[in-house]
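Coordinate inspection notes
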Amino acid sequence: MLNVGWPLTRRVIFSMDAEVAHERTLGLLSTAPRLFGALANLTMGPPPASLAREAFGVKLAGPVGLAAGLDKNGVAIPFWPSLGFGFVEVGTVTAHAQVGNPKPRMFRLPEDHAILNRMGFNNGGSEDLAHRLRQLRESGHWPACPVGVNIGKSKITPLDEAADDYRTSARRVAELADYLTVNVSSPNTPGLRELQDREPLKAILNAVLEEAGDTPVLVKLAPDLTHEAIAEVVDLAVELGLAGLIATNTTLSREGLTHDPEQAGGLSGRPLWPLARNRIQAALDASAGRLPVVGVGGIHTADQVADLLSAGCVAVQLYSSLIFEGPALPYRIHKELGALPVRN
Ligand SMILES: Cc1cc2nc3c(=O)[nH]c(=O)nc-3n(C[C@H](O)[C@H](O)[C@H](O)COP(=O)(O)O)c2cc1C
């Protein structure tokens, strides 16, 4: 239903400011996520059962998941699986609710199938999300596929108090989430990416692990890290017993753009693919099978997914291509994937 007439729907959506379109769509979905899910299920639906898999301590319905940032506050959780996603990541949420950066802060680059954003973790806070997750659990409407929660640092918290900020969010959501992702890689919170250095990262991961209990903890990295820095994080993650690593977040690079809008922020979508692919490989090489790797960045075809799974990724995520290709993309990719050779 929702994918029928996508070219027309896309034209209407693209005639609006990117963030206004995003807010309106999410606002609508949040009013009746299960009803919209039921409508989507008329033409889409869950991945073929043959694609289900165990990865980083959870049972994925399929290898293609929704990346963090689209549903930051988890307002439409029951809807996403009906687009065919095998797992869903909500957030980033922070310990303190915050408004994010001044608008405009989200830009579509249609010629390049790319998005530039400097949202700055606008979100209702981890307490608010925990409340919503608890309601969903208690009402019996938790989706059939895993829901992860991505946590970040509040802007008002100084960098040297970051570990406690992450700890607060982890404490609130750990027992409700199927997995946790520690986000130290968004380019839009001043200094955040310095937290990828070994010592601050160790303190943050230890704090989160102490609160996580049995909930798997992953860490999400920036594509702007060197191979050496990625290898250091992989070693640390293995040492601390993390469940996995997500590579990558958006990039500060403008490589591959036909038109640079000269706006600050992180770039995602198709131009990110070569860099993300390279850094995903660096993570896989450094891990050498010790740590599950989730690949993300510029994914829009089943061939890319097959390539990443063959290379050793346990799963992938996407965000930007959903905006350009339409809501049926994850369903389509999973369907096509069933027919492709995947070495793993
Ligand atoms: C508008 C926007 C907001 C995002 N917000 C977050 C976020 O809050 N937390 C996070 O970890 N990643 C965030 N991301 C990054 C995505 O999760 C993903 O890592 C990145 O966009 C690369 O994947 P893609 O090329 O498929 O979009 C955001 C991306 C976009 C486009």
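Summary of the structure given here.

Cut-offs used in this document
The written sequence of each chain sets the order in which its residues are numbered from 1. This being a predicted model, a pLDDT of at least 70 is required before a residue's local features are given, and a value of 80 or more before pairs of side-chain atoms are given or counted; all residues contribute to the totals for chains, interfaces and linings. A residue counts as near a molecule or strand when its C-beta atom, positioned from the backbone, falls within 6 Å of it. Strands here mean DSSP runs of E at least two residues long; helices mean DSSP runs of H or I at least four residues long; both are numbered from the N terminus. Residues are sorted three ways: Asp, Glu, Lys and Arg are charged, Ala, Val, Leu, Ile, Met, Phe, Trp, Tyr, Cys and Pro are nonpolar, and all the rest, Gly among them, are polar. Each residue is classified by how many other C-beta atoms fall within 10 Å of its C-beta atom, where C-beta atoms are placed from the backbone; a count of 20 or more means buried, 12 or fewer means exposed, and values in between mean partly exposed. We call two residues in contact if the C-beta atoms placed from their backbones are at most 7 Å apart. Only strands that DSSP links by at least two bridges are regarded as paired with each other. Axis lines are fitted through C-alpha atoms, for helices just across the contact stretch, and the angle between N-to-C directions can take any value from 0 to 180 degrees. Seen with its strands pointing away from the viewer, a crossover is right-handed if its path from the first strand over the helix to the second goes clockwise. Roughly parallel covers angles under 35 degrees, roughly antiparallel covers those over 145, roughly perpendicular covers 65 to 115, and oblique covers all other angles. A helix's residues, less one, multiplied by 1.5 Å, set its expected span. In this description, one arc is meant: the one made by directions from the helix axis to the C-beta atoms.

Let us look at the site of the ligand. In the neighbourhood of the ligand, 27 residues make up the surrounding shell, with Ala67, Gly69, Thr92, Ser268 and Ser320 lying closest. Among the elements of the structure, β6 (114-117), β11 (266-269) and α10 (320-325) are those that each provide at least two residues to the shell around the ligand. Residues that form the shell around the ligand fall into these classes: 11 nonpolar, 14 polar and two charged.

A word on unusual backbone geometry. Of the consecutive residues Gly91 and Thr92, the connecting peptide bond is found in the cis state with omega at 10 degrees. Considering the arrangement of structural elements, one finds Thr92 in strand β4 (residues 87-93). The omega torsion across Ala247 and Thr248 is 15 degrees, close enough to zero to call that bond cis. Tracing the backbone shows Thr248 in the loop between β10 (244-247) and β11. One non-glycine residue, Phe56, lies in the positive phi region at around 35 degrees. Although it is not a glycine, Phe121 sits at a positive phi angle of roughly 55 degrees. Here Phe121 shows up in the loop between β6 and α4 (126-139). Of the residues examined, Phe121 has 26 C-beta atoms within 10 Å and is grouped as buried.

This part takes up the environment of Ala162. Turning to its location among the elements, Ala162 is positioned in helix α5 (residues 162-173). Here the alpha-carbon distance between Ala162 and His141, two residues 21 residues apart in the chain, equals 33 Å. The contacts of Ala162, once residues within four sequence positions are left out, are Lys153, Thr157, Leu195, Pro200 and Ile204.

Turning to the sheet that holds strand β5 (residues 106-109), a few remarks are in order. The strand order across the open sheet built from three strands is β5-β6-β11, with neighbouring strands paired in antiparallel fashion. The sheet is open, and its two borders are formed by β5 and β11, each paired with just one other strand. The average angle at which neighbouring strand axes cross in this sheet is 20 degrees, direction not considered.

Among the five residues of strand β7 (residues 147-151), five are classified as buried, and the element is accordingly described as predominantly covered. Here β7 shows two buried faces, one formed by Val147, Val149 and Ile151 and the other by Gly148 and Asn150. Strand direction decides the pairing type here: β4 and β7, joined by five bridges, are parallel. Its bridge partner lying in β7, Val90 is registered against Val149. Where β7 meets strand β8 (residues 179-183), four bridges bridge the pair, whose relative direction is parallel. Considered in β8, the bridge of Val149 is made with Leu180. With respect to chirality, the unit in which β7 leads through α5 into the neighbouring parallel β8 is right-handed.

A word on the packing of α4 against α5. Describing two packed helices takes the angle between their axes plus the distance from one axis to the other. Between α4 and α5, whose axes approach to 9 Å, the crossing angle comes to 10 degrees. When the interaxial angle is binned, α4 and α5 end up roughly parallel. For the pair α4 and α5, contact is made by Ser126, Glu127, Leu129, Ala130 and Leu133 and by Thr168, Ser169, Arg172 and Val173, respectively. For the contact of α4 with α5, the class distribution of residues is four nonpolar, three polar and two charged.

Taking 1.5 Å per residue as the helical rise, α4 with its 14 residues ought to reach 20 Å, and the 20 Å between its terminal C-alpha atoms agrees with that figure. Of the residues making up α4, those classed as buried are Ser126, Leu129, Ala130 and Leu133. With its buried residues spanning 100 degrees around the axis, α4 presents them on a single face. Turned more than 90 degrees from where α4 packs its buried face, Gln135, Glu138 and Ser139 sit exposed.

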